[in-house]
Amino acid sequence: MTYRIALATSAAQPDLDDRGQEILAALRAAGHEAEAAVWTDSSVDWEQFDAVVITGVWDYAQRYDDFLGWAWRAAAQSLVLNPEPLVRWYADKRYLADYASEGLPMVPAQFITVHDATLDHDYLGVDHVVRPTISGGLAEAFRFGPEDGAASRAKLEEIKAAGTSVMVFPYVGEVGSVSLVYIGGEYSHAFGRDLAAEVNAEPAEGRPVEVLSDVEPTAAEREIADAALKPIDPANPPLYVRVDLVRTPEGDPLILEVQVVQPDLHLERVENGAVKFADAVVARIASTKA
């Protein structure tokens, strides 16, 4: 069976980046019709595709409402991967409050909505990070020290004025970080990240910069990452998930983020990563049509 597959991308990268091109090549090598399609292009007929894979929409956070509207319309016409209900829930990092309520080990965080009058928060007296709850990477996160209360409040007010809720959490960049990637519901690979460097990095080619290292996750980290997938409805499974963990000074893993919307999977760090991803896309289409 030959499928027609779109890799959704942004107008800034209409032909995808190198990693997207590798996925296109893998899909085509497997005998499928695959092409890049700009999600904001109103002339695209999404119904012509057997699946639309969200792979290059690095601008979704800047056009959040438009993006959710597009995902909903596209899902009415084609199979969107990841599924639109998951995209809608995970696009705003306030989902992390639900994870905390489930008792999962989390980096503590406070969420302040645009309607909250106060600019004070629980972490003014410690090293902390302020970021919009709708944001695409740590380049949009801002670090403040214990003496930076005025600057922290000013940034919080600025984010709220732009119409976005705010997430504040203690700075965890000095401890180890590991990201675990799942493709097609199965654990695929992992890599370490230098969060301190990422907070200070400027985005490159429209995407967040991530500073990576080789890391093998511990058994405890695998267990926590697996647990982070349990709140996801098994009837509506993701094609890909990336679970970002940090380690406490005592070495205990905590969930920092669960990325279902446009994470960098760094498929180059696993043998035949693009082929593995393409195979999972095809398998998901086939199972839907069965």
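Described below are features of the structure shown in this document. Position numbers for residues start from 1 in each chain and track the written sequence from start to end. Selection of residues for local features in this predicted model requires a pLDDT of at least 70, selection of side-chain atom pairs for listing and counting requires 80 or more, and totals for whole chains, interfaces and linings are taken over all residues. Note that water and hydrogens are dropped before the side-chain values are worked out from all heavy atoms of the structure.

**Considerations on the packing of aromatic side chains**
And then number 1: Centres within 6.5 Å make a pair out of two Phe, Tyr or Trp rings, where for Trp the six-membered ring is used; the pair is then stacked when the planes are under 30 degrees apart, edge-to-face when over 60, and tilted otherwise. One pass over the structure, following the stated rule, counts 14 aromatic pairs.
And then number 2: Pairing Tyr240 with Phe277 gives two aromatic rings, centres 6.0 Å apart and planes at 35°, and the pair type is tilted. Linking Tyr240 in strand 12 (residues 240-247) with Phe277 in helix 8 (residues 273-289), this pair joins segments that are 37 residues apart in sequence. Pair check on accessibility: Tyr240 and Phe277 agree, each one buried.
And then number 3: By the ring-pair criterion, three or more aromatic residues cluster together here, those being Trp39, Trp46, Phe49, Tyr60, Phe67 and Trp70.
And then number 4: A cation sits over an aromatic face here: Arg222 above Tyr187, 4.0 Å from the ring centre. Only DSSP runs of H or I with at least four residues qualify as helices, and only runs of E with at least two residues qualify as strands; both kinds are numbered from the N terminus onward. Between buried and exposed lies partly exposed: a residue is buried under 20% and exposed over 50% of the maximum accessible area for its type, with that area taken using a 1.4 Å probe on protein chains only. We call a charge positioned above a ring when the Lys NZ or Arg CZ atom is no farther than 6 Å from the ring centre and deviates by at most 35 degrees from the ring normal.

**Points about the sheet that holds strand 3 (residues 51-56)**
And then number 1: One requirement defines pairing of two strands: DSSP has to find at least two bridges between them. Strand order across the open sheet formed by four strands is 2-1-3-4, with parallel pairing between neighbours. The sheet is open, and its two borders are formed by strand 2 (33-38) and strand 4 (79-81), each paired with just one other strand. Neighbour-to-neighbour, the strand axes of this sheet turn through a mean angle of 25°, independent of strand direction.
And then number 2: Note: strand 3 against strand 4, three bridges, orientation parallel. In the strand pairing of strand 4, Val53 is matched with Leu81. Each axis is a line fitted through C-alpha atoms, and for a helix only the stretch in contact is used; angles between axes span 0 to 180 degrees, taken between their N-to-C directions.

**Examining the sheet that holds strand 7 (residues 142-144)**
And then number 1: Ordered by their spatial adjacency, four strands build an open sheet running 5-8-6-7, and the pairing between neighbours is antiparallel. Strands with a single pairing partner mark the edges of an open sheet, and in this sheet they are strand 5 (110-112) and strand 7. The average angle at which neighbouring strand axes cross in this sheet is 25°, direction not considered.
And then number 2: Those strands touched by helix 5 (residues 149-161) are strand 5, strand 6 (128-132), strand 7 and strand 8 (166-170), and its axis lies near 15° from that of strand 6. Any two residues having at least one pair of non-hydrogen atoms within 4.5 Å are treated as being in contact.

**Observations regarding empty space enclosed by the protein**
And then number 1: Buried and open spaces are told apart on a 1 Å grid over the protein atoms alone, a cavity being a set of points where a 1.4 Å probe fits but cannot get out and a pocket being an open set with protein on both sides within 12 Å along at least five of seven lines. Residues with an atom within 4 Å of a point are the lining residues. Grid points are joined across faces, edges and corners, and a volume is the space filled by probe spheres set on the points. What the rule picks out here adds up to three cavities of 30 Å³ or more.
And then number 2: Ile23, Thr55, Pro263, Asp264 and Leu265 are the residues nearest the centre of the second largest cavity, which is lined by 16 residues in total.
And then number 3: At the level of secondary structure, the elements contributing two or more residues to the lining of the second largest cavity comprise helix 1 (18-29) and strand 3.
And then number 4: Per element, the largest residue contribution to the lining of the second largest cavity is three residues, and it comes from helix 1.
And then number 5: Its residues assigned to classes, the lining of the second largest cavity comprises eight nonpolar, four polar and four charged. Residue type decides the class: Asp, Glu, Lys and Arg count as charged, Ala, Val, Leu, Ile, Met, Phe, Trp, Tyr, Cys and Pro as nonpolar, and the leftover types, Gly among them, as polar.

**So, the pairing of strand 12**
And then number 1: Among the eight residues of strand 12, seven are classified as buried, and the element is accordingly described as predominantly covered.
And then number 2: Summarising the sheet, strand 9 (residues 177-183) and strand 12 pair through seven bridges and their orientation is antiparallel. Bridge assignment links Val181 to a residue of strand 12, and that residue is Arg242.
And then number 3: With six bridges joining them, strand 12 and strand 13 (residues 253-259) adopt antiparallel strand pairing. When the sheet's bridge partners are listed, Leu245 is paired in strand 13 with Ile255.
And then number 4: Counted between consecutive antiparallel strands, the loop separating strand 12 from strand 13 contains five residues, among which Gly251 sits at a positive phi close to 95°.

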